[in-house]
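# Secondary and tertiary structure notes
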Amino acid sequence: MRASSALSKFFRVAGLATAVAFAAIPGMSQATDYPSKPIKIVVPYAPGGAVDIVTRLVAQKMGETLKQSIIIDNRPGGATNIGMDIVARAPADGYTLLTSSNSLASNASLFKNLNFDPAKDLIPVGAIGYAPLVVVVPASSEFKALPDLIAYGKANPDKLTYGTAGNGSSGHLASELLKSEGKFEALHVPYKGGAPAITDMLGGRISFMAINPVEAIPHIKAGKMTALAVLDNKPSALLPGVPTIASLGLPNAAASVWWGLCAPKGTPADVVATLNAALQKALADSAVQTRLSELGAVTTPGSAADFGAFVQAETVKWSRVIQSANIKAD
């Protein structure tokens, strides 16, 4: 009788009973109730940097759509492994997210004893965008075009040097890929951060760098730095007239810094869909697009599956570069 009464109640109050039924199924959530509290996005970088700025910009608009506060939690250190580990271990309920970047695709190859598996313990929510790296030289350099630099590196395998923010950084991987595709030689000079590397390059102590356009543009405008190529197949609006790497015959040398949102493994699919929808709305906002373009970024709207496929492709691409160049993390 008790079961019959419960069944009768189910039909009389269908909506409530359906929600209860779905809540009882492992891995399911009540989409109408999510989010019911503030969401935290872990940024594995220090405040004020490009990744932090991009995250805060997108998070503000997502919060408006979701009608909840989104808190930014900066957890720099460990080549982003600290932040990624925090999210990988967080409850899979949609309330702890990660702003992922290139390291999501490269750290498994760079670090052999991670406490988490980037490919298994973090799932994609959606891509935010990317900024193609730019090959630059000091204004005093004899090289005025990338083919000239490559030709010199082929003829003088022990003369060229390039600076980066450190072993395994995006600039390091991009430069090694450029060397491989261009079939020339250059010595890697790692620094503890991008700023000292740029200072030495401007002083003529290293030959070239592959860096974020935002870092390069002030020096280019000041006449202290020359851009030889944008490492993309599309021209940069911020660097008109600078050739793309594809136009120079090296399309496979394209490299960028990119960002996206991830969640812990096991986060319900409907929660991921809700977050992705809010992200798409944020990326479609004209103010967000304008600010990102000022940072040299191109938005990349799409589904969680789209972002997952992109990360998989990047993981394969950069693991090959890391293995071929025998790159080790600091």
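Along each chain, numbering runs from 1 in the same order as the chain's sequence is written. Confidence filtering applies because this is a predicted model: local features only for residues at pLDDT of at least 70, side-chain atom pairs given and counted only at 80 or more, and all residues used for totals across whole chains, interfaces and linings. The side-chain quantities take in all heavy atoms of the structure and omit both hydrogens and water.

As named in an unreviewed UniProt entry, the protein chain is LacI family transcriptional regulator, taken from Bordetella bronchialis.

### Quick look at the packing of helix α3 (residues 50-66) against helix α12 (residues 286-294)
Axis angles are defined between N-to-C directions and span 0 to 180 degrees, where every axis is a line fitted to C-alpha atoms and, for a helix, only to the segment in contact. Counting from the N terminus, the helices are the DSSP runs of H or I reaching at least four residues and the strands are the DSSP runs of E reaching at least two. Close contact between α3 and α12 brings their axes to 10 Å; oriented N to C, the two are set at 175°. The orientation of α3 with respect to α12, classified from their angle, is roughly antiparallel. In contact with Ile53, Val54, Leu57 and Lys61 of α3, α12 contributes Val288, Arg291 and Leu292. Polar here means any residue other than Ala, Val, Leu, Ile, Met, Phe, Trp, Tyr, Cys and Pro, which are nonpolar, and Asp, Glu, Lys and Arg, which are charged; Gly is therefore polar. Among the residues making up the contact of α3 with α12, the classes are represented as five nonpolar, no polar and two charged. Orientation is classified from the angle alone, with under 35 degrees giving roughly parallel, over 145 giving roughly antiparallel, 65 to 115 giving roughly perpendicular, and any other angle giving oblique. Contacts were defined at the residue level, with two residues in contact if any of their heavy atoms lie within 4.5 Å.

### A word on α12
Polar contacts here mean pairs of N or O atoms no more than 3.5 Å apart (in protein, one a potential hydrogen donor and the other a potential acceptor; neighbouring residues in sequence count only if both atoms are side-chain atoms). The opening residue of α12 is Asp285, an N-cap whose side-chain oxygen sits 3.0 Å from the backbone nitrogen of Ala287. Positive backbone phi, approximately 80°, marks Gly296, located one or two places after α12.

### Things to note about the packing of aromatic side chains
Pairing of aromatic side chains requires ring centres within 6.5 Å, counting the rings of Phe and Tyr and the six-membered ring of Trp. Pairs whose planes differ by under 30 degrees are stacked, by over 60 edge-to-face, and all others tilted. This model, assessed by the stated rule, comprises seven aromatic pairs. Ring geometry for Trp258 and Phe310: centres 5.1 Å apart, planes at 85°, overall edge-to-face. Of the two residues, Trp258 is situated in strand β10 (residues 256-264) and Phe310 in helix α13 (residues 304-325); the sequence distance between them amounts to 52 residues. Taking the relative accessible area as the measure of exposure, Phe310 reaches 31% and is therefore partly exposed. The rings of Tyr162, Phe184 and Phe208 are connected pair by pair, giving a single aromatic cluster. Relative accessibility thresholds used throughout: buried, under 20% of the residue-type maximum; exposed, over 50%; partly exposed, between the two (1.4 Å probe, protein chains only).

### Description of the pattern of salt bridges
It is possible for side chains bearing opposite charge to pair when their charged atoms get close. By convention in these notes, a salt bridge is any Lys or Arg side-chain nitrogen within 4 Å of a carboxyl oxygen on Asp or Glu. One pass over the full model with this rule turns up ten salt bridges. One salt bridge connects Glu176 with Lys179, and the closest N-O pair in it is separated by 3.2 Å. Note that Glu176 and Lys179 are positioned in helix α8 (residues 170-182) at a spacing of three residues, about one turn of the helix. Two residues, Arg291 and Glu294, come together in a salt bridge whose shortest N-O distance is 3.3 Å.

### Here's the deal with the pairing of strand β3 (residues 96-100)
By the criterion of burial, β3 is predominantly enclosed, with five of the five residues buried. Burial of the side chains of β3 extends over both faces: Thr96, Leu98 and Ser100 are buried on one face and Leu97 and Thr99 on the other. Whether two strands pair depends on DSSP finding at least two bridges between them. In this sheet, β10 lies alongside β3 in antiparallel orientation, the contact comprising three bridges. Bridging across to β10, Ser100 finds its partner in Gly260.

### Focus: the domain arrangement of the protein chain
Residue ranges assigned to each domain were obtained from an automatic or database domain assignment. We note that the domain assignment places domain 1 (39-130 + 257-325) and domain 2 (134-253) within the protein chain. A C-alpha centroid distance of 26 Å is found between domain 1 and domain 2. In this assembly, 15 residues from domain 1 lie in contact with twelve residues from domain 2. Taken together, the connections running from domain 1 to domain 2 amount to zero salt bridges. At the boundary of domain 1 with domain 2, the tally comes to one residue pair in polar contact (both at pLDDT 80 or more). When contributions to the side of domain 1 that touches domain 2 are tallied by element, the ones reaching two or more residues are α5 (103-110), α12 and α13. Tallying contributions element by element places α13 first for the side of domain 1 that touches domain 2, with five residues. Classifying every residue of the side of domain 1 that touches domain 2 gives nine nonpolar, four polar and two charged.

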